[in-house]
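# Chain and residue survey
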Amino acid sequence: MSEMIKLTFRDAAGQAQTVEVPPHGTVMEAAMLNNIAGIVAECGGGCSCATCHVYVDQEWLDRLPAPAPEESDLVEFLDRAQPNSRLSCQLELNPDLDGLTVQTPPDQT
């Protein structure tokens, strides 16, 4: 069995919830499995709705692959997009992401 990795989800108020998940799937799937508020995922991970938008902590940005054009196009039209905005359905889990911290936007419920 693979070792578990830790992910921390922080809401807009700063409340954090750390979960342990297997190192496969996506950050969005980990959020859904752990009932993380603020990750709606209406399209189920199809990169077509942006309801799994998160802000990636700055220290992690360089460790993630660049967003695909489809992801960048969706993020571009978000009202609260920031340079560290990503769609959690596009963040593939792997052991190198052990300790990743993301924050949900204040208006995403």
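Note that the structure is a prediction, hence the values are computed from the model and not measured. (Residues numbered from 1 in each chain as written. Predicted model: local features only at pLDDT ≥ 70, side-chain atom pairs only at ≥ 80, totals over all residues. Heavy atoms only, no water.)

This next bit is on the pattern of salt bridges. Under the defined criterion, the tally for this structure stands at 3 salt bridges. Between Arg 86 and Glu 71 there is a salt bridge, and its shortest N-O distance comes to 2.7 Å. On the criterion of sequence distance, the pair formed by Arg 86 in strand β4 (residues 85-87) and Glu 71 in helix α2 (residues 69-76) is long-range, its members being 15 residues apart. A residue is classified by how much of its surface remains accessible, and Glu 71, at 2% relative accessible area, is buried. Note that Arg 80 and Asp 107 form a salt bridge whose closest N and O atoms lie 3.4 Å from each other. Here the residue Arg 80 occupies a position in the loop between α2 and β4, and Asp 107 occupies one in the segment after β5 (100-103), the gap between them amounting to 27 residues. (Salt bridge = Lys/Arg side-chain N within 4 Å of Asp/Glu carboxyl O. Helix = DSSP H or I, 4+ residues; strand = E, 2+ residues; numbered from the N terminus. Buried < 20%, exposed > 50% of the residue type's maximum accessible area, 1.4 Å probe, protein only.)

In terms of nonpolar packing, the biggest core is built from 27 residues, with Leu 7, Phe 9, Val 56 and Leu 100 touching the most fellow members. Those elements that provide at least two residues to this core are β1 (5-10), β2 (16-21), α1 (27-33), β3 (53-56) and β5. A per-element tally of this core places α1 first, with 4 residues. Among all residues touching Phe 9, those that are not within four sequence positions of it are Gln 15, Ala 16, Gln 17, Val 19, Val 27, Ala 31, Ile 36 and Val 102. (Core = buried A, V, L, I, M, F, W, Y, C linked by side-chain atoms within 4.5 Å. Contact = heavy atoms within 4.5 Å.)

Enumeration over the complete set of coordinates arrives at 0 disulfides. No disulfide involves Cys 49; its sulfur sits 3.6 Å from the nearest other cysteine sulfur, which is in Cys 43. Here Cys 49 falls in the partly exposed class, since its relative accessible area comes to 25%. With no disulfide of its own, Cys 89 has Cys 52 as its nearest cysteine by sulfur position, at a separation of 3.7 Å. (Disulfide = S-S within 2.5 Å.)

Strand order in the open sheet made by the 5 strands is β2-β1-β5-β3-β4, with mixed pairing throughout. Across the chains shown, the open sheet's two edge strands, defined by having one partner strand only, are β2 and β4. Taken over all neighbouring pairs, the strand axes of this sheet differ in orientation by 35 degrees on average, direction set aside. Relative to β4, β3 is paired through 3 bridges, and the arrangement is antiparallel. When the bridges of β4 are listed, Val 54 appears paired with Arg 86. (Pairing = 2+ DSSP bridges. Axes fitted to C-alpha atoms, helices over the stretch in contact; angles between N-to-C directions.)

With that settled, consider the side chain of Thr 8. Within the element layout of this structure, Thr 8 appears in strand β1. Judged by relative accessible area, Thr 8 falls into the buried class, the value being 16%. Those residues within four positions of Thr 8 in sequence are excluded, and the remaining contacts are Ala 16, Gln 17, Thr 18, Leu 100, Thr 101 and Val 102.

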